[in-house]
Amino acid sequence: MARIFVPLASPGFDPTEVAVPYTIWTAAGHDVVLATHDGRPPHPDLLMDKGACFGVIRVLEDARKRYEGMKSAGRFAHPVAWGSVDILGFDAVYVPGGHMTGMRALAWDAPLQEQVRRFWTQTERPFAAICHGVLLPAEAGVLYG
């Protein structure tokens, strides 16, 4: 099965954008490696975690159940530091979105940007990003043309 690298903005990742793909991929037998800047357990976007963002966006019940299940998984409680791995060793990269200062820290992390450039230019493996997650490849300079 595939090894999938998932860097998380912390604080600030979107619980739905992490929990839904995480639970689908792990149920299919894929090895999903969650990573934060410092290897500490991630903290979600506070507005999304409370269930509503500006009175419009909310975490749906299915996603909330998936998120609660994911939180009890060992990988979520013990992510790796994103600087401690070489993402060229992964079969795919997925960057979920988020808000708050953690999203800026993720997108502006120069070593992580360099890893993204290498993955993007040296492999033909899948790279996916959703919502504000596209900031990382954009800041890495690979979204052009």
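All figures in this text were calculated on a predicted structure; none of them were measured in a lab.

## Some points on the overall build of the protein
Assigned secondary structure in the protein consists of seven helices and five strands. Its helices and strands in sequence order give the protein the pattern β-α-β-α-α-α-β-β-α-α-β-α, from N to C terminus. Taking 15 Å as the expected radius of gyration for a compact globule of 145 residues, we find that the protein reaches 14 Å, a close match to that expectation. The principal-axis extents of the C-alpha atoms in the protein amount to approximately 40 × 30 × 30 Å. A fraction of 81% describes how many contacts in the protein between residues 6 or more apart in sequence connect residues 24 or more apart. Put simply, the protein shows about 7,400 Å² of open surface, and 58% of that area lies on carbon and sulfur atoms. Separation of charge centres in the protein, based on 13 positive and 15 negative side chains, amounts to 4 Å.

## Considerations on helix α6 (residues 110–122)
Between its first and last C-alpha, α6 extends 18 Å over 13 residues, near the 18 Å set by a 1.5 Å rise per residue. When α6 is considered as a whole, its buried residues turn out to be Leu112, Gln113, Gln115, Val116 and Phe119. For α6, the angular spread of buried residues about the axis comes to 160°, placing them on one side. Among the exposed residues of α6, those oriented more than 90 degrees off its buried face are Pro111, Thr121 and Gln122. For α6, the secondary structure elements touched by its buried residues are β1 (3–7), β4 (92–95), α5 (100–107), β5 (127–129) and α7 (135–139). Sitting at the head of α6, Asp109 places a side-chain oxygen 2.9 Å from the backbone nitrogen of Leu112.

So, how was this worked out
- Residues numbered from 1 in each chain as written.
- Predicted model: local features only at pLDDT ≥ 70, side-chain atom pairs only at ≥ 80, totals over all residues.
- Heavy atoms only, no water.
- Helix = DSSP H or I, 4+ residues; strand = E, 2+ residues; numbered from the N terminus.
- Rg over C-alpha atoms; globule rule 2.2 N^0.38 Å.
- Contact = heavy atoms within 4.5 Å.
- Areas by Shrake-Rupley, 256 points an atom, 1.4 Å probe, with all protein chains shown as cover.
- Lys, Arg positive; Asp, Glu negative; His and termini not counted.
- Charge placed at Lys NZ, Arg CZ, Asp CG, Glu CD.
- Expected span 1.5 Å × (residues − 1).
- Buried < 20%, exposed > 50% of the residue type's maximum accessible area, 1.4 Å probe, protein only.
- Arc of directions from axis to C-beta.
- Polar contact = N/O pair within 3.5 Å; in protein donor to acceptor, adjacent residues only side chain to side chain.

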